[in-house]
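Working through the structure, step by step
Listed here are the chains, written in short residue letters.
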Amino acid sequence: MSSGNLNCSSSQELTRKYQHVVYAVVYTLILLFGLLGNVLALWMFRAYAKETKKAVMFMKNLAVADLLQVTVPTPCVLHAGKVLSLPMRIYYYLYDSWPFGQPLCVISFYLKYVNMYASIYFLVCISVRRCELIMRPLKYNSPRRKGDLLMCVAGWLLVCPCCLAFPLLRTTEQNSNSTDRAASKSVCFAELPMRDIGAPAAGVLLIAAELLGFIVPLILVLACTCLTAGSLRKQTGGAFPDLGEKRRALRMVLSCAVVFLFCFAPYHITMPLDFLVKAKILRDCSTRDLILRSHTVTLCLASLNCSLDPLMYYFTTEEFWRRLSKAELPD
């Protein structure tokens, strides 16, 4: 083996150790704050079961999407009979071993992307709903529970099948002719080896994921932000919505935009590059290491949305923080 290959292998192992440390630390923090925050949010939203004007239905579904990342029920019976997804991820990155079986690995890997793209979908719905309430108050001043419910159902029916592409691009089969650890059945998540699907098919999937999963939602969120901000300059004449309502709506839409840009924009910048590395199209060692280390950070940022969303509810939903701060929790 040449010295170049030895140096490359050594560099890859250092990068892998770096990834495991970062993931273990960040996922532990997400588990602590994300689980508590989203369970509390769902508990608080019980008080607004009939509220539809302020996108509460979408917030509930966003909280459910976030909980998919931190907890997933399985048929496996481990201690309490329920396996937490993030604790298993933390275990894997701490002990460099996956003893829970490949089906559970694939399910956890799949739900990671369901969480991400369901969160993107419902952030867009919240932004559009709050913007429309300000721009077209007469139309959206009446209950629209059925319409919101249909949009939520449509979102899940769209996101769940589309995200199947991510686990289907990976293989859990062991290559007996390879000594690479990635070919071993002990690996999981992003370290699962890629299937060889060819450059054209890979390009189509990447473009679809970037366009439909990021660029179009980004345009919608930014457009809603601009429209809501522009409405502040218009005179209300005492009609609904008043200036205070517009400011609260802008605060909500801005929060959606900040979460979107902070959590999901960096990930979708590095995702195509990471795919090229995993598909072994980019082979330069230094370039590979830089991309893998950068993608580790952006993937952690994407996961942080589980912890940031409850903060968004608290600081932008007046009824939420008023009840929580005064301990007026619903019965």
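Everything numeric here is computed off the predicted structure, so don't read it as measured data.

**Observations concerning the overall build of the chain**
In terms of helices and strands, the chain carries 11 helices and 0 strands. Within the span of the chain, comprising 331 residues, buried residues form 46% of the whole. The long-range share in the chain, meaning contacts at least 24 apart out of those at least 6 apart in sequence, stands at 77%. When the accessible surface of the chain is split by element, carbon and sulfur atoms take 67% of a total near 16500 Å².

**Focus: the packing of aromatic side chains**
If you walk through the whole model with that rule in mind, you get 18 aromatic pairs. Seen from their ring centres, Tyr27 and Tyr93 are 6.1 Å apart, and the 40° between their planes marks the pair as tilted. Of the two residues, Tyr27 sits in helix H1 (residues 3-45) while Tyr93 sits in helix H3 (residues 85-95), which places them 66 residues apart along the sequence. Ring geometry for Phe260 versus Phe264: centroids 5.9 Å apart, planes at 75°, classification edge-to-face. Here the residue Phe260 and the residue Phe264 both occupy positions in helix H8 (residues 243-278), the gap between them amounting to 4 residues, near one helical turn. Pair check on accessibility: Phe260 and Phe264 agree, each one buried. Taken together, the ring pairs in this structure connect Tyr23, Tyr27, Tyr91, Tyr92, Tyr93, Tyr95, Trp98, Phe100 and Phe189 into an aromatic cluster. For the cation-ring pair, Arg89 lies above Phe189, with the distance from its terminal atom to the ring centre recorded as 4.0 Å. Looking at Arg293, its charged tip hangs above the ring of Tyr18, at a distance of 4.6 Å from the centre.

**What to know about the pattern of salt bridges**
Any two side chains of opposite charge can pair, on the condition that their charged atoms come close. Taken as a whole, this structure holds 5 salt bridges when the rule is applied. Here Arg16 ties to Asp96 by a salt bridge, and the two come within 2.4 Å at their closest N and O atoms. With Arg16 in helix H1 and Asp96 in the loop between H3 and helix H4 (102-135), this residue pair connects regions lying 80 residues apart in the sequence. Its relative accessible area of 13% is what places Arg16 among the buried residues. Put simply, Asp274 and Lys278 hold a salt bridge, and the shortest N to O gap is 3.2 Å.

**Notes on the UniProt feature "transmembrane region" (unreviewed entry) in the chain**
Sites flagged by UniProt as "transmembrane region" (unreviewed entry) map to residues 20-45, 100-128, 149-169, 201-228 and 249-269. When the span residues 20-45 is considered, its composition is 100% helix and 0% strand, and the gap between its end C-alpha atoms is 36 Å. Helix and strand shares over residues 201-228 are 100% and 0% respectively, and the end C-alpha atoms of the span are 39 Å apart.

**Some remarks on unusual backbone geometry**
The phi angle at Asp96 is positive, at roughly 55°, despite the residue not being glycine. On the basis of relative accessibility, which here comes to 30%, the residue Asp96 falls in the partly exposed class. In this structure, Phe189 is a non-glycine residue whose phi angle is positive, near 60°. Note that Phe189 resides in the loop between helix H6 (165-168) and helix H7 (199-231).

**What to know about a nonpolar patch on the surface**
Where nonpolar side chains cluster on the molecular surface, the patch consists of Ile207, Leu211, Leu212, Ile215, Val216, Ile219 and Leu220 and spans about 630 Å² of accessible area. A relative accessible area of 53% places Ile219 in the exposed class.

**Description of helix H9 (residues 285-303)**
Since the α-helix turns once every 3.6 residues, residues separated by three or four places project in the same direction. Its 19 residues place the ends of H9 27 Å apart at the C-alpha level, agreeing with the 27 Å of an ideal helix rising 1.5 Å per residue. Residues of H9 that are buried: Arg288, Asp289, Ile291, Leu292, His295, Thr296, Thr298, Leu299, Cys300, Leu301, Ala302 and Ser303.

**Structural notes on the state of the cysteines**
For the structure on display, the rule yields 1 disulfide. The disulfide that involves Cys105 links it to Cys188, with 1.8 Å between the sulfurs. Residues Cys105 and Cys188 are joined through a disulfide that is right-handed, its torsion about the S-S bond being 120°. With a gap of 83 residues between them, Cys105 in helix H4 and Cys188 in the loop between H6 and H7 connect regions that are remote in the sequence. You'll find Cys105 and Cys188 in the same group, each marked buried. Of all cysteine sulfurs in the structure, the one in Cys224 sits closest to Cys226, which takes part in no disulfide; the separation is 9.4 Å.

**Some details on the side chain of Thr171**
Topologically, Thr171 is positioned in the loop between H6 and H7. For Thr171, a relative accessible area of 12% gives the class buried.

**Looking at the confidence of the model for the chain**
Looking at the chain, pLDDT values average 79 and 77% of them are 70 or higher. Mean pLDDT values for the elements of the chain range from 61 in helix H11 (residues 318-325) up to 92 in H9. Below a pLDDT of 50 lies the segment residues 73-83, which in the model reaches 13 contacts outside its immediate sequence neighbourhood of four places, other chains included. Across residues 181-185, confidence stays below pLDDT 50; counting only partners more than four residues off in sequence or on other chains, it has 16 contacts.

Reading the values: rules and limits
Residue positions are given per chain, counted from 1 along the sequence in the order it is written. Where local features are concerned, this predicted model is filtered to residues with pLDDT of at least 70; where side-chain atom pairs are given and counted, the filter is 80 or more; whole-chain, interface and lining totals use all residues. Calculated side-chain values reflect all of the structure's heavy atoms, with hydrogen atoms and water omitted. Secondary structure elements are defined from DSSP: runs of H or I of at least 4 residues count as helices, runs of E of at least 2 residues count as strands, and each element is numbered from the N terminus. When a residue's accessible area, from a 1.4 Å probe over protein chains only, is under 20% of the maximum for its type it is buried; when over 50% it is exposed; and in between it is partly exposed. Contact between two residues is taken to exist if any of their heavy atoms lie within 4.5 Å; hydrogens are not considered. All accessible-area figures derive from a Shrake-Rupley calculation using a 1.4 Å probe, and residue coverage is judged against the displayed protein chains alone. Any Phe, Tyr or Trp ring, taking Trp's six-membered ring, that has another such ring centre within 6.5 Å forms a pair; planes under 30 degrees apart are called stacked, those over 60 apart edge-to-face, and the others tilted. Criterion for a charge above a ring: Arg CZ or Lys NZ at most 6 Å from the ring centre, at most 35 degrees from the ring normal. Salt bridge, as used here: a side-chain nitrogen of Lys or Arg that lies within 4 Å of a carboxyl oxygen of Asp or Glu. UniProt positions are given in the numbering used here, feature names are shortened, and annotations may be inferred rather than shown by experiment. Only residues whose relative accessible area exceeds 30% and that form no salt bridge are eligible for patches; like-charged ones are grouped when within 9 Å, while nonpolar side chains (Val, Leu, Ile, Met, Phe, Trp, Tyr) are grouped when within 5 Å. Any helix carries an expected span of 1.5 Å times its number of residues minus one. Only a pair of cysteine sulfur atoms within 2.5 Å qualifies as a disulfide here. The predictor rates its confidence in each residue with pLDDT, a number between 0 and 100.

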